[in-house]
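# Structural features, examined
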Amino acid sequence: ACRENVVLFDMSFMSKFLVTGEDAGRFLNYLSTANVDNECGKITYTQWLNDRGFLEADLTVTKLDETNFLVVATDTMHNHVLNLMKKRVTSKDHIFISDVTGAYTQINIQGPNSRNLLQSITSHDLTTFPFRSAAEIDIGYGRCLCTRITYVGELGYELFIPNEFAQHIYDKIVADGNSFGLKHAGLRALGSLRLEKGYRDYGHDIDNTDTILECGLGFTCDFDKDDGFVGEKSVLAQKKIAKQNGGFKKRMVQVLLTDPHHMLHHGEVVWRNGECISDIRSASFGHTLGGAVGLTMLEASVPIEKDYLDAEWTVEIENNHVPCKVSLAPMYDPKNLKIRV
């Protein structure tokens, strides 16, 4: 349904923090690898690092206006993200951090038909609402923050709804969604969809023992920001070493079993040319790719590039070596055409 039409995910468990004040933009921009203090009405996917260039958080920051920002992270990172911010705030900063997790219901509408569904229930023009946009929109008699972002690799929107409007807006979406074939989906479906796209999940595929470059998330790093970001010097040093070595010797790749009759869960051993090399960090069945799909972190004595991946790969499942494909790029929509449509 999500790949072909439209689905609804209840993501209200996500951690949400409102960061406000004259120094909020500068403060969050220094914490973030990406530039999150650019134009208003923009959501940005970013990482927070420690001084050694290792991951501390994986989240989004939405710039609502010049002094108001919404930080959203997974539920398991709630206290950690809050403490990372609190530890960086000084007495000279004009910053206020509010935990608004319980104040907002989060409903994600995802799939190629998501725009048509939402457009039928709002007066906001979604045809001029490009990827990463954020704005307050009307739905029925309620209003909510709408961001165009995805965690499943499709055209989609995340709605942050004040709880007093939540029941009404949900009912409106479902009532009008029936004519669009709207389906409800849960976290198992979400896991399958995001793994087909190769999206990372902090605490499952990646954690604070990994660097941002090893995880393939270096694209979020903005090295041109005036004040830089936490861990920038370490990231640049890691890039320099990798260049001298001809590439990175530790990299995350996507794994797809070629036989659809086998399943991946977590912890299965990955083999290259008969040599045990890594294990599956997280996995599910990829219904679009046609087989079990997962993510693993490869470590080798040589750079992990195209030549290294051109080998015989298998995953050990119940004492059987099941052939698989590995890829640095997402196997589903590698050019991100579907999310930007």
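See the structure above.
Presented here is an overview of the structure given in this document. (Residues numbered from 1 in each chain as written. Predicted model: local features only at pLDDT ≥ 70, side-chain atom pairs only at ≥ 80, totals over all residues. Heavy atoms only, no water.)

What follows concerns the overall build of the protein chain. Secondary structure assignment for the protein chain yields 7 helices and 17 strands. The C-alpha atoms of the protein chain give 21 Å as radius of gyration, which agrees with the globular expectation for 341 residues (20 Å, within 12%). The principal-axis extent of the C-alpha atoms belonging to the protein chain is close to 60 × 55 × 30 Å. Residue pairs at least 24 apart in sequence account for 68% of intrachain contacts in the protein chain once pairs closer than 6 positions are excluded. (Helix = DSSP H or I, 4+ residues; strand = E, 2+ residues; numbered from the N terminus. Rg over C-alpha atoms; globule rule 2.2 N^0.38 Å. Contact = heavy atoms within 4.5 Å.)

Once that is clear, we can look at the environment of Arg26. By secondary structure assignment, the location of Arg26 is in helix H1 (residues 24–31). A relative accessible area of 40% means that Arg26 is categorised as partly exposed. Taking C-alpha positions, Arg26 is 53 Å from Asn320, a pair spaced 294 residues apart along the chain. Those residues in contact with Arg26 that sit more than four places away from it in its chain are Asp37, Asp93 and Asp227. Within polar-contact distance, the side chain of Arg26 engages the side chain of Asp93 at 2.8 Å. (Buried < 20%, exposed > 50% of the residue type's maximum accessible area, 1.4 Å probe, protein only. Polar contact = N/O pair within 3.5 Å; in protein donor to acceptor, adjacent residues only side chain to side chain.)

Another aspect to go through is the pairing of strand E4 (residues 55–65). The two faces of a sheet get side chains in turn, since along a regular strand they alternate between them. Where burial is concerned, most of E4 is hidden: 9 out of the 11 residues are buried. With 8 bridges connecting them, strand E3 (residues 42–49) and E4 associate as antiparallel partners. Looking across to E4, one finds that Trp48 is bridged to Ala57. Once E3 ends, the chain turns through 5 residues before running back antiparallel as E4, passing Gly53 with a positive phi of about 85 degrees. Summarising the sheet, E4 and strand E5 (residues 68–73) pair through 6 bridges and their orientation is antiparallel. (Pairing = 2+ DSSP bridges.)

Its location among the elements puts Asp138 in strand E8 (residues 134–139). No salt bridge is formed by the buried Asp138; the nearest opposite charge belongs to Arg143, separated by 4.5 Å. One polar contact links Asp138 to Ser123, side chain to side chain, over a distance of 2.6 Å. If we ignore the near neighbours within four places in the chain, the residues touching Asp138 are Ile121, Thr122, Ser123, His124 and Arg143. (Lys, Arg positive; Asp, Glu negative; His and termini not counted. Salt bridge = Lys/Arg side-chain N within 4 Å of Asp/Glu carboxyl O.)

In this fold, Lys16 is placed in strand E2 (residues 15–20). Buried within the structure, Lys16 lacks any salt-bridge partner; Asp99 is the closest side chain of opposite charge, at an N-O distance of 7.8 Å. Side-chain polar atoms of Lys16 contact the backbone oxygen of Ser12, separated by 2.9 Å. Apart from residues no more than four positions distant in its own chain, Lys16 is found in contact with Leu70, Val71, Val72, Ser98, Asp99, Val100, Thr101, Tyr104, Gln106 and Phe160.

Take the nonpolar core next. If you look at the biggest cluster of nonpolar residues, it comprises 38 residues, and the most contacted ones within it are Leu28, Trp48, Leu59, Val71, Val81, Met85 and Ile212. Mapped by element, the contributors of at least two residues to this core are E2, H1, E3, E4, E5, helix H2 (78–88), strand E12 (250–257) and strand E15 (291–299). In contact with Met85, not counting residues within four places along its chain, are Phe17, Val19, Phe27, Leu28, Leu31, Trp48 and Ile97. If you look at the next biggest cluster of nonpolar residues, it comprises 22 residues, including Ile109, Tyr157, Ala166 and Leu182. (Core = buried A, V, L, I, M, F, W, Y, C linked by side-chain atoms within 4.5 Å.)

Below, the discussion takes up the sheet that holds strand E7 (residues 104–110). Spatial strand order, E8-E9-E10-E7-E1-E11: 6 strands in an open sheet with mixed pairing. The outermost strands of the open sheet, each flanked by one partner alone, are E8 and strand E11 (183–185). Shown here is a sheet whose adjacent strand axes are inclined to one another by a mean of 30 degrees, direction ignored. Where strand E9 (residues 142–147) meets strand E10 (residues 156–162), 3 bridges bridge the pair, whose relative direction is antiparallel. Across the sheet, the residue bridging to Leu145 is Phe160, located in E10. (Axes fitted to C-alpha atoms, helices over the stretch in contact; angles between N-to-C directions.)

Here we take up the packing of aromatic side chains. Applying the stated rule across the entire model yields 5 aromatic pairs. When the centroid spacing of 6.4 Å and the interplanar angle of 25 degrees are considered together, the rings of Phe129 and Tyr157 count as stacked. In this pair, Phe129 is assigned in the loop between helix H3 (114–119) and E8 and Tyr157 in strand E10, connecting sequence segments 28 residues apart. Each of the two residues, Phe129 as well as Tyr157, counts as buried. Above the ring of Tyr332, the side-chain terminus of Arg3 is found at 3.9 Å from the ring centroid. It is Arg52 that lies over the ring of Phe54; its NZ or CZ is 4.4 Å from the centre. (Phe/Tyr/Trp six-rings, centres within 6.5 Å; stacked < 30°, edge-to-face > 60°. Lys NZ or Arg CZ within 6 Å of the ring centre and 35° of its normal.)

On the basis of which strands lie adjacent, the open sheet formed by 5 strands has the order E3-E4-E5-E2-E6 and antiparallel pairing. Lying at the two open borders of the sheet, with one neighbouring strand each, are E3 and strand E6 (96–99). Within the sheet, the average angular offset between the axes of one strand and its neighbour, ignoring direction, is 25 degrees. Note: E2 against E6, 4 bridges, orientation antiparallel. The partner of Leu18 across the bridge, within E6, is Ser98. Sheet strands touched by H2: E2, E3, E4, E5 and E6. Its angle to E2, the strand with the most contacts, is close to 15 degrees.

These figures come from the coordinates and say nothing about function on their own.
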